[in-house]
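# Working through the structure, step by step
One letter stands for each residue in the lines below.
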Amino acid sequence: VCDDGVAPYTDLQTAVDDAESGARIRVCAGTWGAVYVDRAAVSIVGAGPGLTVLDGRSGAAVVIDGQTVTLEGLTLTGDATSEQVAALDVRDADVALTDVRIADIDVTGNPVYVVRVDGGTLTVDGLHVTGGVTNGTLVSVSGADLQVRHATFEQSEAGAFLVTRDTNAEIS
């Protein structure tokens, strides 16, 4: 996905909607809109954190509903008000994050989540959450399996960093 005139897609959501299960969608550097994944198991691979930005603007940058998805080399950003998710919303899905940054989140109201996982699995190997979170919860996991390696949280005044309910968690 790129707007260079060569890539087969210039819109990330269209690429995701057209993808077959198992597809690896490469996204070039730049800022892209939010994406909703509910049709196929895919990998979304950016040029690197800080280079490829998925911006949710007024909601989650990425919503994954019932699929197996890998996010790699991306920055997720967005904003949210009460009862919303600002960066990543996982709904009964299996998600792997590798080398992902969550930054410049603007939240107001309570409760607000930066990452919410409701069912499924979240596997993290390289997550950096920084700045902008002054209220709410950074990561909320309910009824899911959670495995976290190499995660950092900084420059945040969130009410809670990690909240789990009915969760199997392994954090190292």
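Below is a short write-up of the structure. (Residues numbered from 1 in each chain as written. Predicted model: local features only at pLDDT ≥ 70, side-chain atom pairs only at ≥ 80, totals over all residues. Heavy atoms only, no water.)

## A word on the overall build of the protein
We apply this condition: A run of H or I in DSSP becomes a helix once it reaches four residues, and a run of E becomes a strand once it reaches two; helices and strands are each numbered from the N terminus. Residues are treated as being in contact if the distance between any of their heavy atoms lies within 4.5 Å.
If you tally the helices and strands in the protein, you get one helix and 14 strands. A separation of at least 24 residues holds for 60% of the contacts in the protein among residues at least 6 apart in sequence.

## A word on the pattern of salt bridges
As a reminder, the rule being used: A pair is scored as a salt bridge if a Lys or Arg side-chain nitrogen falls within 4 Å of a carboxyl oxygen belonging to Asp or Glu. Accessibility here uses a 1.4 Å probe with only protein chains present; expressed as a share of the type maximum, an area under 20% marks a residue as buried, one over 50% as exposed, and anything in between as partly exposed.
For the structure shown, the criterion picks out five salt bridges. One salt bridge connects D38 with R39, and the closest N-O pair in it is separated by 4.0 Å. Here R149 and D125 are joined by a salt bridge, their closest N and O atoms 3.9 Å apart. Here D125 lies in strand β11 (residues 113–130) and R149 lies in strand β12 (residues 137–154), a separation of 24 residues in the sequence. A residue is classified by how much of its surface remains accessible, and D125, at 29% relative accessible area, is partly exposed. Bridged by salt links that share partners, the residues D89, R91 and R116 form one connected network.

## Here's the deal with unusual backbone geometry
One non-glycine residue, D92, lies in the positive phi region at around 45 degrees. One can find D92 in strand β9 (residues 85–103). On the accessibility criterion, D92 (58% relative accessible area) is exposed. Despite not being glycine, D99 shows a phi value in the positive range, around 55 degrees. With relative accessibility at 43%, the residue D99 sits in the partly exposed group.

## Concerning the state of the cysteines
To keep things clear, this is the line we draw: Any cysteine sulfur atom paired with another within 2.5 Å is treated as part of a disulfide.
According to the stated counting rule, one finds one disulfide in the structure shown. Sulfur-sulfur distance for the disulfide between C2 and C28 comes to 2.3 Å. Where C2 bonds to C28 through sulfur, the torsion about that S-S bond is close to 90 degrees, and the disulfide is right-handed. Placement of the pair is C2 in the segment before α1 (12–18) and C28 in the loop between β1 (23–26) and β2 (30–33), with a sequence separation of 26 residues. Taking relative accessible area as the criterion, C2 reaches 12% and is therefore assigned buried.

## Thoughts on the side chain of T75
Condition: Side-chain atoms alone can form a polar contact between residues adjacent in sequence; in general such a contact is a pair of N or O atoms within 3.5 Å, and within protein one must be able to donate a hydrogen while the other accepts it.
Relative to the elements of secondary structure, T75 occurs in strand β7 (residues 68–77). By relative accessible area, T75 is classed as buried at 5%. Engagement of the side chain of T75 in a polar contact is seen with the backbone nitrogen of G50, the distance being 2.6 Å. Non-local contacts of T75, meaning those with residues more than four positions away in its chain, are made with P49, G50, T52, V53, L54, R101 and A103.

## Quick word on the environment of R149
Judged by its relative accessible area of 28%, R149 is partly exposed. Between the C-alpha atom of R149 and that of T98, which follows or precedes it by 51 residues, the distance is 9.8 Å. Beyond its immediate stretch of four places on either side in the chain, R149 contacts V124, D125, G126 and S172.

## Focus on the pairing of strand β6 (residues 62–65)
Rules: A pair of strands counts as paired when DSSP detects no fewer than two bridges linking them.
As paired elements, strand β3 (residues 35–37) and β6 share three bridges and run parallel to each other. Directly across from Y36, in β6, lies its bridge partner V63.

## Structural notes on the nonpolar core
Rules: Among buried residues, the Ala, Val, Leu, Ile, Met, Phe, Trp, Tyr and Cys ones that are joined through side-chain atoms within 4.5 Å form a nonpolar core.
I44, L71 and L76 are the most contacted members of the largest nonpolar core, which totals 47 residues. The set of elements that each furnish at least two residues to this core consists of α1, β3, β4 (42–45), β6, β7, β9, β11 and β12. Contact partners of I44, with chain neighbours within four places excluded, come to L12, V16, I25, V27, V35, V37, T70, L71, E72 and L74.

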